[in-house]
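Remarks on the overall topology
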Amino acid sequence: MALTNLRSICRSLPSLAPQLSVLTAQYHAKVIDHYENPRNVGSLDKGDKSVGTGLVGAPACGDVMKLQIKVDENGKIVDAKFKTFGCGSAIASSSLATEWIKGKSLQDAGKLKNTDIAKELCLPPVKLHCSMLAEDAIKAALNDYQVKQSSLSGSQAD
């Protein structure tokens with residue numbers, strides 16, 4: 001019985017191809033590119049004093065995003081990594097965000113808005129929360145870095 005059902009499903013796969021292309025067509029090519037070829041996936045050492053880590057989530061959809069920055073002694077972001085559990089738009093938003101903040105000052109990175117990410121990726125209104133997560137993750141990573149620096153300067157003053 002199960003084998004018969006499996007054969008039936010396998011035979012119907014070619015007929016599903018047009019439906020799958022319609023689903024893919026709903027994502028902009030930029031989202032598909034970042035989803036299929038994500039940039040800067042990975043982790044940095046969260047114990048490193050020059051690394052800031054932001055971990056944010058969206059309870060409504062279950063997306064979780066970790067974004068990390070590595071900052072040099074001049075306050076410039078020299079590396080950024082992310083790990084995201086979520087849809088293609090969430091992964092694309094994280095990937096694009098890490099590309100954009102690399103090489104920026106902390107102040108300039110903090111100015112990046114979700115609307116910039118959403119516009120670049122052509123996200124539909126139903127996916128705007130993905131770009132908001134990316135903005136929140138950047139802000140959380142910047143805050144974590146600044147807290148680490150404050151505690152370091154406080155302990156050095158003692």
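Residues numbered from 1 in each chain as written. Predicted model: local features only at pLDDT ≥ 70, side-chain atom pairs only at ≥ 80, totals over all residues. Heavy atoms only, no water.

As annotated in an unreviewed UniProt entry, the chain is Iron-sulfur cluster assembly enzyme ISCU from Amphibalanus amphitrite. One UniProt comment on the chain, placed under Sequence similarities (unreviewed entry), says "Belongs to the NifU family." (UniProt positions renumbered as here; feature names shortened; annotations may be inferred.)

Before going further, it helps to spend a moment on the nonpolar core. The biggest cluster of nonpolar side chains holds 27 residues, and the ones touching the most others in it are Leu-67, Ile-69, Ile-77 and Ile-101. Looking at this core, the elements with two or more residues in it are strand E1 (51–58), strand E2 (63–71), strand E3 (77–85), helix H3 (88–101), helix H4 (106–110), helix H5 (114–121) and helix H6 (128–157). A per-element tally of this core places H6 first, with seven residues. (Core = buried A, V, L, I, M, F, W, Y, C linked by side-chain atoms within 4.5 Å. Buried < 20%, exposed > 50% of the residue type's maximum accessible area, 1.4 Å probe, protein only. Helix = DSSP H or I, 4+ residues; strand = E, 2+ residues; numbered from the N terminus.)

Let us look at the pairing of E1. Here E1 runs beside E2; their pairing, made up of eight bridges, is antiparallel. By the bridge assignment for E2, Gly-52 is matched with Ile-69. Hairpin connection, E1 to E2: the antiparallel pair is bridged by four residues, and Gly-62 has positive phi, about 85 degrees. (Pairing = 2+ DSSP bridges.)

We now examine the pattern of salt bridges. Going through the model one piece at a time under the given rule, you end up with eight salt bridges. The closest approach of N and O atoms between Arg-39 and Asp-33, which form a salt bridge, is 2.7 Å. Given the relative accessible area of 23%, Arg-39 is considered partly exposed. Across the pair Asp-108 and Lys-111 runs a salt bridge, and its minimum N-O distance is 3.8 Å. (Salt bridge = Lys/Arg side-chain N within 4 Å of Asp/Glu carboxyl O.)

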